[in-house]
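Commentary on secondary and tertiary structure
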Amino acid sequence: MTGYFLVDKKLLETFSPEEMWAMVSFQLPVLATVFIWHKDAVLADLKQWKSVLIFTFSMIGTWGLALYALKYLDATVVASLRNLSILFGVFLGAHLFDEGHRWFRYLAAILMVVGVFLVLW
């Protein structure tokens, strides 16, 4: 994930966020080959089309916001803030789904938050 942010930060020295969107859109026909090679997996995913749409638009939104943030901030700050979303996964797994090792998960989440504050400070 860090590599993506570093590449995006470097590309933003040359291109605007709008031009980055154009580059990603240009890749869509190549990515469509997944429909040919993994047809069964694609059809299984499309059965839950609402979840797929929500995930798709949330990923588009977070990447777009990250591009605009990278234009003005350091990559370390943007990467730290964007990756805080893993905290939701930690709490969902530990609290709602009882996946076990609850207190270790909470400790890991606390350490992540402390790490973000240390980066931002």
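Residues numbered from 1 in each chain as written. Predicted model: local features only at pLDDT ≥ 70, side-chain atom pairs only at ≥ 80, totals over all residues. Heavy atoms only, no water.

Quick word on the confidence of the model for the chain
Model confidence for the chain is summarised by a mean pLDDT of 81, while 98% of its residues fall at 70 or above. The least confident element of the chain, judged by mean pLDDT, is helix H7 (residues 86-96) at 77; the most confident is helix H4 (residues 39-46) at 85. (pLDDT = per-residue confidence, 0-100. Helix = DSSP H or I, 4+ residues; strand = E, 2+ residues; numbered from the N terminus.)

What to know about the packing of aromatic side chains
What characterises a pair of aromatic rings is the spacing of the ring centres plus the angle enclosed by the ring planes. Scanning the entire structure with this criterion turns up two aromatic pairs. When the ring of Trp103 is compared with that of Tyr106, the centres are 5.3 Å apart and the planes differ by 70 degrees; the resulting orientation is edge-to-face. Highlighted residues: Trp103 and Tyr106, both in helix H8 (residues 102-120), separated by three residues, approximately one helical turn. Residue Tyr106 is classed as buried on the basis of its relative accessible area of 14%. (Phe/Tyr/Trp six-rings, centres within 6.5 Å; stacked < 30°, edge-to-face > 60°. Buried < 20%, exposed > 50% of the residue type's maximum accessible area, 1.4 Å probe, protein only.)

Here's the deal with the pattern of salt bridges
What the rule picks out here adds up to one salt bridge. The partner of Glu13 in a salt bridge is Lys10, with the nearest N and O atoms 3.1 Å apart. The pair formed by Glu13 and Lys10 is uniform in burial state, with each residue classed as exposed. (Salt bridge = Lys/Arg side-chain N within 4 Å of Asp/Glu carboxyl O.)

Section: the packing of H7 against H8
Packing of H7 against H8 brings their axes to within 9 Å, and their N-to-C directions diverge by 165 degrees. It follows that H7 is roughly antiparallel to H8 by the angle criterion. Crossing handedness for the pair H7 and H8: left-handed. For the pair H7 and H8, the contacting residues are Ile86, Leu87, Val90, Phe91, Ala94 and His95 in the first and Arg102, Arg105, Tyr106, Ala109, Met112 and Val113 in the second. In terms of residue class, the contact of H7 with H8 is built from nine nonpolar, one polar and two charged. (Axes fitted to C-alpha atoms, helices over the stretch in contact; angles between N-to-C directions. Parallel < 35°, antiparallel > 145°, perpendicular 65-115°, else oblique. Left-handed = near helix turned anticlockwise from the far one by under 90°. Contact = heavy atoms within 4.5 Å. Nonpolar A, V, L, I, M, F, W, Y, C, P; charged D, E, K, R; others polar.)

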